[in-house]
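Take a look at the letters that make up each chain.
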Amino acid sequence: MTRTTPRWRQVANGAGLVVILVIAGVVAHTTPSEEQQEAAIPVRGQIGETLDGRNIRATVDDVRIAESVEAGNGWAGPTSGVWVVVDASVEARVTDLATLGYARIKVGDVTYSASTRPDRATIAETGLSVGIPWTGPLMFELPLPLVSSDAARHAELQLAVSNDPRADSMLVMPVDLYSIEIEKVVETDQPVWGVR
Amino acid sequence: MTWLRRNWIALVAVAVLAPATVGITFATQWTEYFGGRASAPTSVGAGDTAEFARADWSLTSSRRISGTSAEGLEIGLPAGSDLVVVTVRVSPEPPADGDETPGCLVRLEEFDGTSVTRSWGDATLDPISYTAAEGTHSYCASDAVGPYTLESVFVVASDAGDELALSVTVATELPRYLSFRL
């Protein structure tokens, strides 16, 4: 005994298959890549604004550029480029198992890390306290032609805890390096621990 | 209807096995995640003694020094901070031959009800001028053969609430840890 599948069932099966294929296609094309899933979560704001991430709170007060710096610990760093000096105040929000391990300036496709050459004269890689900020400078050594380029108009300052901010907050502030006047020398104070 | 009747066993099997598979997969992942970190606190009240990691532990005292007080200024606390000093009496069991009493990690946790909102690590190496009480240890003394007093200091934000607890973690006891409510 053979049973014939009704015509409407054949059409319904075909339509069902098409719907499933379309849904599968949409899911496959909209699923974030591994890189996107692990990417840092940007928290955007402006210079002078206090930004809050998961375990970082920071305020950048000023950005200066100079041919040389005189740090609070007496260090003076010669450079063939220029120093971008960022005055910031940074603290942890949840746990002090955190350092300011990620402080970078992105100009175009190029990223520069905060220099550790001045040693304790900056807050780069400083261990952060919960609710008690460290205030001090970050120093970035950049080539002179770069800060005079068009890309410098749309530079980004990026701050995060640990040197690998994947899947964690990253504070991002736009900074127009092109418009900042280049000084001969910038003097900085030693980092200070405590509420300002 | 006929199709459903014909396939009811397979449909029930899918309805049971699919959520069971997802549940077991997640349960395994979460068990491993929580098993490797301090996630099972044993609360110890004031005056109580807890047996943990081959030692008896009891909270002896705790005090909070305001950063704006004369003592706080003398210690050189950063602006906007307080110092919390906690002492715990530790009585290790006599060690077996070649054995040591366990080392530990202490942290101060701020609570909002039952959940931890913030935590601070020991401030022994922070740039302050606190002098520890005579005869106390600032760390879990793994070479101790008798009872000793552990004194832990924490530089906390002055807006930290009063719901604070000292957590004591010993690596070999995870996920269990002690929580002394101050």
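Please refer to the structure higher up on the page.
These numbers come from a predicted model, not from an experiment.

**A closer look at the sheet that holds strand 10 (residues 176-181) of chain B**
Residue and element names in this part refer to chain B.
So, point 1. Taken in spatial order, the five strands line up as 1-10-9-5-6 in an open sheet, and their pairing is mixed. Lying at the two open borders of the sheet, with one neighbouring strand each, are strand 1 (40-44) and strand 6 (115-121). Across the sheet, the mean angle from the axis of one strand to that of its neighbour is 35°, orientation sign disregarded.

**Some details on the interface of chain B and chain A**
So, point 1. Contacts between the two partners involve 12 residues from chain B, matched on the other side by 11 residues from chain A.
So, point 2. Put simply, the parts of the chain that give the side of chain B that touches chain A at least two residues each are strand 6 and strand 8 (148-157) of chain B.
So, point 3. Grouping the constituent residues of the side of chain B that touches chain A by class yields six nonpolar, four polar and two charged.

**What to know about the nonpolar core**
All names here are of chain A.
So, point 1. Within the largest apolar cluster, 84 residues are counted, with the highest numbers of intra-cluster contacts made by Trp83, Val84, Val90, Leu138 and Leu159.
So, point 2. Sort the elements by how many residues they give to this core and strand 5 (residues 82-91) lands first, with seven residues.
So, point 3. In this structure, Trp83 is in contact with Ile65, Ala66, Ser68, Val69, Met139, Glu141 and Val186, ignoring residues within four places of it in sequence.

**Structural notes on the environment of Glu156(A)**
Residue and element names in this part refer to chain A.
So, point 1. Residue position: Glu156 is located in strand 9 (residues 155-160).
So, point 2. Owing to 16 C-beta atoms within 10 Å, Glu156 belongs among the partly exposed residues under this scheme.
So, point 3. It is 24 Å that separates the C-alpha atoms of Glu156 and Pro78, two residues lying 78 residues apart in sequence.
So, point 4. With sequence-adjacent residues up to four places away left out, Glu156 is seen in contact with Lys106, Val172, Met173 and Pro174.

The rules behind the values
Residues numbered from 1 in each chain as written. Chains lettered and ligands numbered in written order. Predicted model: local features only at pLDDT ≥ 70, side-chain atom pairs only at ≥ 80, totals over all residues. Pairing = 2+ DSSP bridges. Helix = DSSP H or I, 4+ residues; strand = E, 2+ residues; numbered from the N terminus. Axes fitted to C-alpha atoms, helices over the stretch in contact; angles between N-to-C directions. Contact = placed C-beta atoms within 7 Å. Nonpolar A, V, L, I, M, F, W, Y, C, P; charged D, E, K, R; others polar. Core = buried A, V, L, I, M, F, W, Y, C linked by C-beta atoms within 7 Å. Buried ≥ 20, exposed ≤ 12 C-beta atoms within 10 Å, placed from the backbone.

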